[in-house]
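Residue-level structural notes
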Amino acid sequence: MADHVTVLFFAALREQIGLDSLSVAIPPHGLSVTALRDQIEGETPSIAAAFAEQPRLRVAINKTLGTFEQMVHPGDEVAFFPPMTGG
């Protein structure tokens, strides 16, 4: 039986996708952020299009910067956002 992660979208991604968040079913043992990204891109064309326009996406897992190789588990919060600039 699968459980869920909460996926959040920020900045330009949120505007392009038209969603703030999404609940995604994942296997109980978890999966990598890359596999999660592939899964949501396959299920939602607007996400695939937005991700294609942002090739340098960043990810945070449970509010901590992460990598696309990291594992996520049921109950986790995964946020995707474009690189930030500032001054």
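As a starting point, this report considers the structure included with it. (Residues numbered from 1 in each chain as written. Predicted model: local features only at pLDDT ≥ 70, side-chain atom pairs only at ≥ 80, totals over all residues. Heavy atoms only, no water.)

**Side note on the environment of Pro 82**
Inspection of the secondary structure puts Pro 82 in the segment after β7 (77-81). Between the C-alpha atom of Pro 82 and that of Leu 57, which follows or precedes it by 25 residues, the distance is 4.9 Å. Not counting residues up to four positions away in its chain, the partners in contact with Pro 82 are Phe 10, Ala 11, Ala 12, Leu 13, Gln 54, Leu 57 and Arg 58. (Helix = DSSP H or I, 4+ residues; strand = E, 2+ residues; numbered from the N terminus. Contact = heavy atoms within 4.5 Å.)

**Observations concerning the sheet that holds strand β1 (residues 3-9)**
Within the open sheet, the 5 strands sit side by side as β2-β1-β7-β4-β5. Their pairing is mixed. Bordering the open sheet on either side are β2 (21-26) and β5 (64-65), each of which pairs with just one other strand. Pairing of strand β4 (residues 58-61) with β5 involves 2 bridges; the strand directions are antiparallel. Within β5, the residue paired with Ile 61 across the bridge is Thr 64. Across the sheet, helix α2 (residues 33-43) is in contact with β1, β2, β4 and β7; its angle to β2 comes to roughly 110°. (Pairing = 2+ DSSP bridges. Axes fitted to C-alpha atoms, helices over the stretch in contact; angles between N-to-C directions.)

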